[in-house]
Amino acid sequence: MKRRSFLKMSCCLGAGLALSGLGLTLAPVAAYADDMKKADALRTAVQSTTVCCYCSVGCGLICSVDKASGKIFNIEGDPEHPVNEGALCAKGAGLYQVSAANEHRLMKVLYRKPGSDKWEEKDWNFAISRIAELMKKERDKSFIVNNEKGQMVNRVQTMSLMGSSNVLSEECWATTQFARGLGFTYIDHQARV
Ligand code: SF4
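Residues numbered from 1 in each chain as written. Predicted model: local features only at pLDDT ≥ 70, side-chain atom pairs only at ≥ 80, totals over all residues.

Caption draft 1: Spotlight on the site of the ligand. Neighbouring residues of the ligand: Cys52, Tyr54, Cys55, Val57, Gly58, Cys59, Asn84, Leu88, Cys89, Lys91 and Gly92. Along the lines of polarity and charge, the residues of the shell around the ligand split into seven nonpolar, three polar and one charged. (Near = placed C-beta within 6 Å. Nonpolar A, V, L, I, M, F, W, Y, C, P; charged D, E, K, R; others polar.)

The following block contains the structure:
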C-alpha cells in the first residue's frame, strides 16, 4: 500500500471511530477499507482479457488472478475494449459469481419436497426424471387440441420455455424444436428480459 493510501485509510478509520462514539454507523468506513484492500490486490494481480460468454454483444472483460492462490478474485469490464468500453450489463457484471472462486456456487442438485423446509441432495437422473414426470402430467392435463372456433391448435399454455443466453445457436434450435413439438407457445430468451 502506498503512503498516500495508508494515510487516507488511517484518517477515515480515525474519523469512523470518532463517529461511532457519537452513535453513527461505521459501515462506510469498513466499505472504504475493503475497497482499499481490493485496490491493492488488483495492483499485484495477474490480469488477462477475455470476452463475456453470455450474448453476441461480446463485451470485453479483465480477469484478475491472485498470484499466491492462482484464483480469480475479480472480473470487470475492459475500458479499452471497443464494444463496451468498460461497461457491462447485470449478467456480465455478475460473471464472477459463476467462477470456481465463488464458494456459494451451486454444484449439485438440491431438492425440497412440497411442504418441506429441508433440502435434500440428489443426482441429475433424479432431477431430469422429476422434471419430465411433472411436464408430462401438466401437458396431459392442459393440452388444447381445438380452440373455441374449432380450429386445431395442439397447444399447451400452462408451461413456458425460458432459454439461456449461455447456450449455442444449435442448442437454441434444438430446445425450441423440442418445446414447439410439445405444443409450447410461450418461448422466450433471458437476454430479452
Ligand atoms: S451479456 Fe451483457 S456483458 Fe455479456 S456480452 Fe452481453 S451485453 Fe455484454
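From this point, the discussion proceeds with the structure in view.
Caption draft 2: Up close: the sheet that holds strand E8 (residues 184-189). As summarised here, the arrangement of the three strands in space is E6-E7-E8, forming an open sheet in which the pairing is mixed. Single-partner strands in this sheet number two, and they are strand E6 (144-146) and E8. Between one strand and the next, the sheet's axes are offset by a mean angle of 30°, whatever the strand orientation. Strand direction decides the pairing type here: strand E7 (residues 152-163) and E8, joined by five bridges, are parallel. Within the sheet, the bridge partner assigned to valine 156 lies in E8 and is phenylalanine 184. (Pairing = 2+ DSSP bridges. Helix = DSSP H or I, 4+ residues; strand = E, 2+ residues; numbered from the N terminus. Axes fitted to C-alpha atoms, helices over the stretch in contact; angles between N-to-C directions.)

Caption draft 3: Structural detail: helix H4 (residues 124-142). End to end, H4 covers 27 Å across 19 residues, agreeing with the expected 27 Å (1.5 Å per residue, within 8%). Burial within H4 is sparse, with just zero of its 19 residues counted as buried. (Expected span 1.5 Å × (residues − 1). Buried ≥ 20, exposed ≤ 12 C-beta atoms within 10 Å, placed from the backbone.)

Caption draft 4: The arrangement of the pairing of E7 in detail. Pairing between E6 and E7: two bridges, direction antiparallel. Note on E7: the bridge partner recorded for isoleucine 144 is arginine 155. In this structure, the hairpin formed by E6 and E7 is closed by a connection of five residues, where glycine 150 is found at a positive phi of approximately 85°.

Caption draft 5: Expanded view of the nonpolar core. In terms of nonpolar packing, the biggest core is built from six residues, these being Cys52, Tyr54, Cys59, Leu61, Ile75 and Leu88. In this structure, leucine 88 is in contact with Cys59, Gly77 and Ala93, ignoring residues within four places of it in sequence. (Core = buried A, V, L, I, M, F, W, Y, C linked by C-beta atoms within 7 Å. Contact = placed C-beta atoms within 7 Å.)

Caption draft 6: Main features of the sheet that holds strand E1 (residues 46-51). The strand order E1-E2-E3 describes an open sheet built from three strands, whose pairing is antiparallel. The open sheet has two free edges, formed respectively by E1 and strand E3 (72-77), since each of these has just one partner strand. Neighbour-to-neighbour, the strand axes of this sheet turn through a mean angle of 25°, independent of strand direction. Note: strand E2 (residues 60-65) against E3, five bridges, orientation antiparallel. Note that in E3 the partner of valine 65 across the bridge is isoleucine 72.

Caption draft 7: Layout of the environment of cysteine 55. Examined against the element boundaries, cysteine 55 turns out to sit in the loop between E1 and E2. Assessed through the 15 C-beta atoms surrounding it within 10 Å, cysteine 55 is described here as partly exposed. Each C-alpha atom of the pair cysteine 55 and serine 164 lies 9.5 Å from the other, and the pair is 109 residues apart in sequence.

Caption draft 8: Structural view of helix H5 (residues 169-182). Helix length check: H5 (14 residues) gives 20 Å between terminal C-alpha atoms against 20 Å at 1.5 Å per residue, within 8%. Of all 14 residues in H5, zero are buried, a share of ten percent or less. Glycine 183 lies just past H5 and shows a positive phi near 100°.

Caption draft 9: Seen up close, unusual backbone geometry. Phi is positive for glutamate 85, which is not a glycine, with a value near 45°. Inspection of the secondary structure puts glutamate 85 in the loop between E3 and helix H3 (90-93). Accessibility expressed as a C-beta count within 10 Å gives 12 for glutamate 85, which makes it exposed.

Caption draft 10: Quick look at the environment of glutamine 47. Along the chain, glutamine 47 turns up in strand E1. Residue glutamine 47 is classed as exposed on the basis of its 11 C-beta neighbours within 10 Å. With residues near it in sequence (within four places) discarded, glutamine 47 still touches Ile62, Cys63 and Ser64.

Caption draft 11: Focus on the environment of glycine 163. For glycine 163, the position within the fold is in strand E7. You can call glycine 163 partly exposed: it has 17 C-beta atoms within 10 Å. Between the C-alpha atom of glycine 163 and that of threonine 175, which follows or precedes it by twelve residues, the distance is 8.0 Å. Beyond its immediate sequence surroundings of up to four residues, glycine 163 is in contact with Cys172, Thr175, Asp188, His189 and Gln190.

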